[in-house]
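Residues per chain, in single letters:
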Amino acid sequence: MDSVDVKFVLVETSHPGNIGGAARAMKNMCLDQLALVNPNRYPSADATSRASGADDILMNAGIHETVDQALEGCAFVMGTSARPRGLYIPELTPKQCAERILAESTQGKVAVLFGREDSGLTNGELDRCNALMRIPTSQEYSSLNLAAAVQVLSYELMIQRGEAPLQRPIGEGERRHPLANADEMEGLFNHIEESIIATGFLDPENPRQVMRRLRRLFNRADVDRNEVNILRGILTSVQETVRKV
Ligand code: SAH
């Protein structure tokens, strides 16, 4: 899978565990460019253990003294914030942010800045940003854990790239037989009707909406050929039982 040209920059992270958690969140979602600006404690066993199988992302992470150095060569910079900053930069949802990043990354390298656990990004750092992502949250408590914020954006990027290998129509994975065609469904409905007339459940003089409701039920259910055969086998056995009594 091609990687999108986006670099996540963690600015002055205090807890090394969050760096590891961010690396893991990125690797899960097929992202691999991590940069650290002046991390408080790094390298650290906490970071490596929280990264789990994503320690390669940590090993390849660029470490910089300043945000400017981390942003060198980047064409587009996205900021992130837990609270509205009123700085006249456009605020995007994670989905809008992912769309924008993918569009911009075809033109040049994109960086996303993630702020300090206690105070976020400074206004000066936000001045470097072309847009700002704010993850919608409870109004009472808007600050996500840093690695969780990284996870939300990484996930949206994965979805927007159409790289969701697990996505498939409901039930598709279990289907080993082709869907029943219109003739087979008609055969099933006729068989049901005959059988429930034979058992006395349906009065042909006064059928009401029973068959229409049963049609709705089965037409909704994506019935496959094998399932039609099972149902018709059951109906045949019911008819034979009725004949015997
Ligand atoms: N008290 C800080 C919280 C920082 S949380 C503040 O008010 O800014 C650490 C980092 O996680 C943030 O700088 C941002 O990069 C990210 N983050 C946390 N919650 C977020 C949210 N709701 N939307 C976007 N980013 C968020």
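Residues numbered from 1 in each chain as written. Predicted model: local features only at pLDDT ≥ 70, side-chain atom pairs only at ≥ 80, totals over all residues. Heavy atoms only, no water.

1. Observations concerning the nonpolar core
Phase 1: Among the nonpolar cores identified, the biggest contains 36 residues, and F8 and L34 are the most heavily contacted of them.
Phase 2: Residues within four places of F8 in sequence aside, it is in contact with M26, L31, Q33, L34, A35, V112, F114, V150, L153, S154 and L157.
Phase 3: Counting 15 residues, the second-largest nonpolar core is a separate cluster that includes V37, V67, V77 and A111. (Core = buried A, V, L, I, M, F, W, Y, C linked by side-chain atoms within 4.5 Å. Buried < 20%, exposed > 50% of the residue type's maximum accessible area, 1.4 Å probe, protein only. Contact = heavy atoms within 4.5 Å.)

2. Side note on helix 9 (residues 210-220)
Phase 1: Within helix 9, burial applies to V210, M211 and F218. With its buried residues spanning 90° around the axis, helix 9 presents them on a single face. Counted as exposed and oriented over 90 degrees from the buried face of helix 9: R213, R216 and R220.
Phase 2: At its buried positions, helix 9 is contacted by helix 8 (182-199) and helix 10 (225-244).
Phase 3: D222, located one to two residues past helix 9, shows a positive phi value of around 50°. (Helix = DSSP H or I, 4+ residues; strand = E, 2+ residues; numbered from the N terminus. Arc of directions from axis to C-beta.)

3. Some points on the domain arrangement of the protein
Phase 1: The domain architecture assigned to the protein consists of domain 1 (6-162) and domain 2 (172-244).
Phase 2: Using C-alpha coordinates to define each centre, domain 1 is positioned 56 Å away from domain 2. (Domains from an automatic or database assignment.)

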